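As a plain string of letters, each chain reads:
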Amino acid sequence: MRVLGNKDDDDAAPAASQDTASFLRRLAGPSIMKAGLAKDQTEINRIIAEASKGSKFYENEKRKDKELTERIARIIKARDDVLREADIGTSLAKMEVQRDLSQIIVHVDMDAFYASVELLDDPSLGDKPFAVGHGVISTASYAARKHGVRSGMAEFVARKLCPQLVVVPCHFSRYMELSRQVMDIFRRYDPTMCAAGCDEGYLNITPYCEEYMLSADDCVRGMRETVFRETKLTVSAGIAPNKVLAKICSDRNKPNGQFALDFTPAAVKAFMHDLSIRKIPGVGRVNERLLDSVGIQTCGDIYTHRATLALMDKYFGLHFLLQTYLGIASNVVQPGQREERKSIGAERTFHTISSKEDILRKLEEVAAELNEDLERTGWTGKTVTLKYKLDTYQVFTRAKSFDRWISTKKEDLFATGKELLLPELPLRLRLIGLRVMKLKDLRVDADKPGSIRRFFENAGSSPRKKRRLSVAGQKEPNDPDELQLTQDGYEDAMPGFYEHEDLERDGFDEADHDANLPTSKPTSAATEHTCPVCARTWATDNAGLNAHVDYCLSRGAIREAQQTASGAPGVLKPLTLGAKVGKRKSQYQ
DNA sequence: GCGGATCAC
DNA sequence: TATGGTGATCCGC
């Protein structure tokens, strides 16, 4: 870099040099920025420099400017070193080479599953806004969603949003029964399909389409029609070259629709470019905020801010984000295996208790439940973890490991839990749980994967694939040069208390934030709607309304509803820097 | 190995 | 008045 005042150079007119310009500004003094609009500050600076030239003061200023210039150069070099090290261009090129478009992956997702089953069993629910759950909403009917009712929402909040809401209790055995029926249909199209919870799954329909000379779209349409014909349940589907894309696509034309991505790199990248980062599995509310803090809202922004991300790899996980930017992920579909289970536990929420007797009674109940589950499913383990939640909702865990397989007897589980809990007292508790980890399978002849019995036995578990193609003598799986696109993910989680959010078709996903405001243009079937949360009215369709309601709710409207209801101030959870984005083995590698 | 935190379903 | 249960993974220590 050039610095003003090289001996040979004094009479040159280096006005074009950035460094020179900055030195002239420096020389002009620290108050220059406050000087307001001088008529020609550059000319003034030149005159000042001319007047000072040769003085000790001038030489000292020149030295300090040189040092600053060098300091900046070191910083820039450090940045460039990091970027060179990260070598994003090469990384992207390597990833691109590994892109596999040969497999047709489908994500199938039942529409408002629990609610649809309830409607099936009680047609009188008709078009009424209703929800399934108790205390907390498991699933809202589409009519209820129009009022802003969402899964995971407290029932009292839901009633505030929709006073005429009908809430029916869960009938898990019915859901499991229909889930099994539907999964059996899916398996006709891919025998090794992977159930992901009771209401969704991943299929590889490449062999099926080939055998029956079907397009992917026709195959999936037929599959969805079959499900409806045999169960009267509707299912939405996404068709794409990998699981992450398929999952995002299945949300696109919900309910009772399907969406196929073109199987070309250009189409995939275009699809990703404007997609909200929040749509990426693994990016939840926290990571969304963290990424937003460095200017990333869409997957396209990943590339825009790649330098920042390279510098902050430790916090964000550059590899994961670059894969996301390119729309590259695993396309391996296979059923979850029993031996992949990592832990088994039981926990219960109750009204706040604080007496030692009450607390120990609850602990004992939880120990009894866990004992049942362990014995029924044939597991033991080496580590017992106690979990408790204070009446402030803060959660704590305490663990104890043994050098032997533990007894799964209720009394022994209770004793270990007690040992962990007593030192913590006194406490005001609203939840107690026990979990056993480092499992040992007591059933040597485990049921075959995909069997009905296995499905029910595993209820509540969510085994995830670790490393799929780890064949002895093969390439080291962690070789950074070897992109592991064969890594599996989204293995079958079993039914949770409620199904995940499933929004209606949107036109919201890839829109920017402004598009979530009532000023956004309606797509089709636009009529006058009023947001149940912010009370604004505008012309939109159901999808637009839902998108807006989600936006509203995500901006703290739930808290407001609570305050209105309880008169108590909402509690903002602190933002913490937790696990970095991605690096989820189940998804990418 | 432990505890906190995040995420999915 | 009032907000779930099960399981996985990652990080820092």
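Residues numbered from 1 in each chain as written. Chains lettered and ligands numbered in written order. Predicted model: local features only at pLDDT ≥ 70, side-chain atom pairs only at ≥ 80, totals over all residues. Heavy atoms only, no water.

## Structural notes on the pattern of salt bridges
As a reminder of what qualifies: We count a salt bridge whenever a side-chain nitrogen from Lys or Arg sits within 4 Å of a carboxyl oxygen from Asp or Glu. Elements are defined by DSSP. Helices are runs of H or I of four residues or more, strands are runs of E of two residues or more, and each kind is numbered from the N terminus. Per-residue accessibility, obtained with a 1.4 Å probe over protein chains only, is compared with the maximum for each type, and a residue is labelled buried under 20%, exposed over 50%, and partly exposed between these values.
Summed over all chains, the structure comprises 23 salt bridges. Residue K64 is joined to E61 by a salt bridge in which the shortest nitrogen-to-oxygen separation is 3.8 Å. Pair noted here: K64 and E61 are both in helix α3 (residues 56-86), with a separation of three residues, about one helical turn. Residue classification places K64 among the partly exposed residues on the basis of a relative accessible area of 32%. Under the relative-accessibility criterion, E61 is labelled buried at 10%.

## Notes on the pairing of strand β12 (residues 429-441)
Rules: The pairing criterion is simple: DSSP has to find at least two bridges between the two strands.
Bridge count for strand β9 (residues 343-353) against β12 is eight bridges, and the pairing is antiparallel. Looking at β12, one finds that A346 is bridged to L434. Where strand β10 (residues 379-390) lies against β12, 11 bridges are found, and the strand directions are antiparallel. Each residue of the ladder has a partner; that of W379, found in β12, is D441.

## Some details on the packing of aromatic side chains
The test is simple: Planes of paired rings set the category: under 30 degrees apart is stacked, over 60 is edge-to-face and the rest tilted, where pairs are Phe, Tyr or Trp rings (Trp by its six-membered ring) whose centres lie within 6.5 Å.
Counted according to the given criterion, the structure contains 10 aromatic pairs. Their ring planes at 10 degrees and their centres at 4.0 Å tell us that Y114 and Y175 sit as a pair that is stacked. Of this pair, Y114 sits in helix α5 (residues 113-121) while Y175 sits in helix α8 (residues 172-189); the two residues are 61 residues apart in sequence, bridging distant segments of the chain. Classification of Y175 as buried rests on a relative accessible area of 0%.

## Concerning the UniProt feature "coiled-coil region" (unreviewed entry) in chain A
Defined as follows: UniProt positions are given in the numbering used here, feature names are shortened, and annotations may be inferred rather than shown by experiment.
UniProt feature "coiled-coil region" (unreviewed entry): in the numbering of this structure it lies at residues 353-380. Helix makes up 79% of residues 353-380 and strand makes up 11%, while its end C-alpha atoms are separated by 30 Å.

## Things to note about helix α10 (residues 216-231)
Owing to its 3.6 residues per turn, the α-helix brings residues three or four apart onto one side. For clarity, the threshold we go by: What a helix is expected to span follows from its residue count: subtract one and scale by 1.5 Å. Each direction from the helix axis to a C-beta atom contributes to the arc, which is the arc of those directions.
For α10, built from 16 residues, the straight-helix expectation of 22 Å at 1.5 Å per residue is met to within 8% by its first-to-last C-alpha distance of 22 Å. By the burial criterion, the buried members of α10 are A216, C219, V220, M223, R224, T226, V227 and T231. Down the axis of α10, the buried side of the element spans an arc of 155 degrees, and every buried residue falls inside it. Note on α10: the residue one or two positions beyond its end, K232, has a positive phi of about 65 degrees.

## Focus: unusual backbone geometry
With the exception of glycine, the majority of residues adopt a negative phi angle, and the majority of peptide bonds are in the trans configuration. The linkage connecting K254 with the following residue, P255, adopts the cis geometry, with an omega of 0 degrees. Inspection of the secondary structure assignment puts P255 in the loop between α11 (243-250) and β8 (258-260). Cis geometry is adopted by the peptide bond preceding P426, which originates at L425 and carries an omega value of 0 degrees. Inspection of the secondary structure assignment puts P426 in the loop between α19 (410-421) and β12. Positive phi, close to 55 degrees, is recorded for M213, a residue that is not glycine. Residue position: M213 is located in the loop between α9 (206-211) and α10. Despite not being glycine, K438 shows a phi value in the positive range, around 55 degrees. Along the chain, K438 turns up in strand β12.

## Section: empty space enclosed by the protein
For clarity, the threshold we go by: For cavity detection a 1 Å grid was placed over the protein atoms alone, and a set of points counts as a cavity when a 1.4 Å probe fits there but cannot get out; an open set counts as a pocket when protein lies on both sides within 12 Å along at least five of seven lines, with lining residues being those that have an atom within 4 Å of a point. Grid points are joined across faces, edges and corners, and a volume is the space filled by probe spheres set on the points. All residues other than Ala, Val, Leu, Ile, Met, Phe, Trp, Tyr, Cys, Pro, Asp, Glu, Lys and Arg, Gly among them, are scored as polar; the first ten of these are nonpolar and the last four charged.
Counted by the stated rule, this structure contains four cavities of 30 Å³ or more. For the second largest cavity, the calculated volume is near 70 Å³. As for the second largest cavity, its lining consists of 11 residues, of which R99, D100, N242, I328 and A329 are closest to the centre. The residue inventory of the lining of the second largest cavity, partitioned by class, reads six nonpolar, three polar and two charged.

## Quick look at the sheet that holds strand β3 (residues 136-140)
Test applied: Helix axes are fitted to C-alpha atoms over the stretch in contact, other axes to C-alpha atoms as well, and angles between N-to-C directions run from 0 to 180 degrees. We call two residues contacting when some pair of their heavy atoms lies within 4.5 Å.
Strand order in the open sheet formed by three strands is β3-β2-β4, and the pairing between neighbours is mixed. The open sheet has two edge strands, β3 and β4 (166-168), and neither has a second partner. Direction aside, the axes of adjacent strands within the sheet are offset by 40 degrees on average. Against the sheet, α5 contacts β2 (130-134), β3 and β4, and its axis sits at roughly 110 degrees relative to β2.

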